[in-house]
Amino acid sequence: MIDAVHQYLLKWGEAVKGGIGAAGVSSLWERIVAGEQGSGGGAGLPFSEMAYETEKAVQALPVGLKRIVMEVYLNTTSTEAQKLIALGLSKRTLYRRLDQIHQQIEASLATALA
């Protein structure tokens, strides 16, 4: 499931960069309510609904972990080394924190989609 969470976060990152994440969750929710289906998704859900649930899971993370999500999944122009410097983390610590993030998001999505 962790690989699936990684894929959801990648799709979420694409949605956020497309203008429907972070501060735009309410407009995304309006699109879901209006019945827009998005462009495919995961777990049998319309992409827009999955992006919305992933956004809620990301927003529920502690600030320190949310910062990592933003750097890893939204900053597509930096190298891994640049991301490590920006976060002030070692590679090993980054991967441990990403594992923690994936587990928390997996639990949030499991609850939301149950």
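Residues numbered from 1 in each chain as written. Predicted model: local features only at pLDDT ≥ 70, side-chain atom pairs only at ≥ 80, totals over all residues. Heavy atoms only, no water.

**Remarks on the overall build of the protein chain**
Reasoning step 1: A tally of regular secondary structure across the protein chain gives six helices and zero strands.
Reasoning step 2: Starting at the N terminus and walking to the C terminus, you meet the elements of the protein chain as α-α-α-α-α-α.
Reasoning step 3: Burial statistics for the protein chain: of 114 residues in total, 39% are counted as buried.
Reasoning step 4: Considering only intrachain contacts with a sequence separation of at least 6, the fraction spanning at least 24 residues in the protein chain is 60%.
Reasoning step 5: A total of about 6,300 Å² of accessible surface is found on the protein chain, and carbon and sulfur atoms cover 54% of it. (Helix = DSSP H or I, 4+ residues; strand = E, 2+ residues; numbered from the N terminus. Buried < 20%, exposed > 50% of the residue type's maximum accessible area, 1.4 Å probe, protein only. Contact = heavy atoms within 4.5 Å. Areas by Shrake-Rupley, 256 points an atom, 1.4 Å probe, with all protein chains shown as cover.)

**Section: the confidence of the model for the protein chain**
Reasoning step 1: The predicted model of the protein chain has a mean per-residue pLDDT of 79, with 72% of residues at 70 or higher.
Reasoning step 2: For the protein chain, helix α2 (residues 25-33) is the element with the lowest average pLDDT, namely 49, and helix α5 (residues 80-87) is the one with the highest, namely 96.
Reasoning step 3: Counted against residues more than four places away or in other chains, residues 21-26, with its pLDDT under 50, gives nine contacts.
Reasoning step 4: For residues 39-46, every residue scores under 50 in pLDDT, and the model assigns this stretch 11 contacts once sequence neighbours within four places are set aside. (pLDDT = per-residue confidence, 0-100.)

**A short note on the pattern of salt bridges**
Reasoning step 1: Counting across every chain of the model gives two salt bridges.
Reasoning step 2: The closest approach of N and O atoms between glutamate 53 and lysine 56, which form a salt bridge, is 3.4 Å. Residue glutamate 53 and its partner lysine 56 are both found in helix α3 (residues 47-59); the two are separated by three residues, about one turn of the helix.
Reasoning step 3: Taking relative accessible area as the criterion, lysine 56 reaches 40% and is therefore assigned partly exposed.
Reasoning step 4: Glutamate 80 is the partner of lysine 91 in a salt bridge, and the nearest nitrogen-oxygen pair spans 3.5 Å. Of the two residues, lysine 91 sits in helix α6 (residues 91-112) while glutamate 80 sits in helix α5, which places them 11 residues apart along the sequence. (Salt bridge = Lys/Arg side-chain N within 4 Å of Asp/Glu carboxyl O.)

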